Structures are given as C-alpha cells and as structure tokens.
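Results of the structural survey
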Amino acid sequence: MSAREMRMEMFVRALLRRDFTRAKAHMEKLQKMAGSNEWGRGYSRAVEGIFNALKDNDTDSLIVKIMGEHNRELAREFLERYEGIVNQDFRDEYEKGYYTAWVEFLRAYLSQKTLA
C-alpha cells in the first residue's frame, strides 16, 4: 500500500468517526502529496469535495448517501465506474486525478471492517 493510500485510509476513518478536525489534517496531507499539476488539482478537488459534503451533511451528494446508509453495493458500483474512467486514455489529467481520488476513497471505505 502506498503512503497516499495509507493516508486515504486515515482520512476515511476520521470521516467515519465524524472527526472533521483530524479528517481535514489528513485531507491537507493528501492534497500536498498529490502535488499542484493538473492531476494533483483534480485529486485535491475530489478530496475536498468529499470532505465538504460530509462535513456539511449535503444530503444531495453521493458520498453522504453512500456513507449515511452504509451502502456497500452502491459504493462498489461507483468504484467500478470510476476505475473505468481513470483508465480511459481520452481523459485529461485533471479528470484522472479527480477520479483516482474517488477510487482510492471508495477502496478505503469498502475495506473498513466496521461497516454495516
């Protein structure tokens, strides 16, 4: 497991505990690890969006629906879809970074043993 994937695991665990102070610290480290190129900007945008949706309990967002209902099947479905997007050659680096963050997040989320 890469350092970024381990950091993503910590980010997910903090979000599951609704520890937004710690989650924000992990998010900032993830953003720093991703860098400031196009790929990194896409990655950072996704992580920040996930964080903000959960912090604000945005009931219209996908991640609040998945985590609020502990919907593993929906998470798996989106993981497959996003893995496909990451591997599409015609996608630009920003999109690849954005969807890579989602893939890593969903993998980390699904790996948690305490989910319903």
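This write-up is about the structure you can find in this document. Each chain carries its own residue numbering, running from 1 in the direction its sequence is written. The predicted origin of the model limits local features to residues at a pLDDT of at least 70 and limits the giving and counting of side-chain atom pairs to 80 or more, whereas totals for whole chains, interfaces and linings rest on all residues. No hydrogens and no water enter the side-chain calculation; it runs on all heavy atoms of the structure.

1. Re helix H3 (residues 38-55)
Basically, it comes down to this: Put simply, DSSP H or I for four residues or longer makes a helix, DSSP E for two residues or longer makes a strand, and each gets a number counted from the N terminus. Every helix has an expected span of 1.5 Å times one less than the residues it contains. Throughout this description, buried means an accessible area under 20% of the type-specific maximum (1.4 Å probe, protein chains only), exposed means over 50%, and partly exposed covers the range between. Note on contacts: a residue pair qualifies if any of its non-hydrogen atoms lie within 4.5 Å across the two residues.
With 18 residues, H3 should reach 26 Å at 1.5 Å per residue; the first-to-last C-alpha distance of 26 Å fits that figure. Within H3, burial applies to Trp39, Gly40, Gly42, Tyr43, Ser44, Ala46, Val47, Ile50, Phe51, Ala53 and Leu54. The inward-facing, buried residues of H3 abut helix H1 (3-16), helix H2 (20-34), helix H4 (62-69) and helix H6 (93-110). Looking one or two residues beyond H3, the residue adopting positive phi is Asn57, at roughly 50°.

2. A look at the pattern of salt bridges
Two side chains bearing opposite charge may form a pair once their charged atoms approach each other closely. Note the threshold: Here, a salt bridge means any Lys or Arg side-chain nitrogen found within 4 Å of an Asp or Glu carboxyl oxygen.
The final tally for this structure, using the stated rule, is 8 salt bridges. A salt bridge links Glu38 to Arg41; the shortest N-O distance between them is 2.2 Å. Pair noted here: Glu38 and Arg41 are both in helix H3, with a separation of 3 residues, about one helical turn. In this structure, Arg81 and Glu77 form a salt bridge, with 3.6 Å as the shortest nitrogen-oxygen distance. Taken as a pair, Arg81 and Glu77 lie in helix H5 (residues 72-86) at a separation of 4 residues, close to a single helical turn. For Arg81, a relative accessible area of 44% translates into the label partly exposed. Glu77 sits in the partly exposed class, given a relative accessible area of 41%.

3. Focus: H5
Working note: α-helix, 3.6 residues per turn, so residues spaced by three or four point in the same direction. The line we're drawing: Our arc is simply the arc of the directions from the helix axis toward the C-beta atoms.
With 15 residues, H5 should cover 21 Å at 1.5 Å per step; its first-to-last C-alpha distance of 21 Å lies within 8% of that length. If you check which residues of H5 are buried, you get Leu74, Ala75, Phe78, Leu79, Tyr82 and Ile85. Here the buried residues of H5 occupy an arc of 135° about the axis, which is enough to place them on one side. For H5, the exposed residues lying more than 90 degrees away from the buried face are Glu73 and Glu80. On its buried face, H5 sits against H4 and H6.

4. Considerations on the packing of aromatic side chains
Put simply, the rule reads: Stacked, tilted and edge-to-face are the three classes applied to pairs of Phe, Tyr and Trp rings, where Trp contributes its six-membered ring and a pair requires centres within 6.5 Å; stacked means planes under 30 degrees apart, edge-to-face means over 60, and tilted covers the rest. In our convention, an over-ring charge means Lys NZ or Arg CZ found within 6 Å of a ring centre and within 35 degrees of that ring's normal.
Counting across every chain of the model gives 8 aromatic pairs. Measuring from centroid to centroid gives 6.3 Å for Trp102 and Phe105, while their planes differ by 70°, and the two rings are edge-to-face. Of the two residues, Trp102 and Phe105 are both situated in helix H6; the distance of 3 residues between them amounts to about one turn of the helix. In this pair, the class of Trp102 matches that of Phe105, namely buried. In textbook terms, an aromatic cluster arises when at least three aromatic residues are bridged by ring pairs, as seen for Phe11, Phe78, Tyr82, Tyr98, Tyr99, Trp102 and Phe105. Positioned above the aromatic ring of Phe78, the side-chain terminus of Arg81 is 4.6 Å from the ring centre.

Keep in mind these numbers describe shape, not what the thing actually does.
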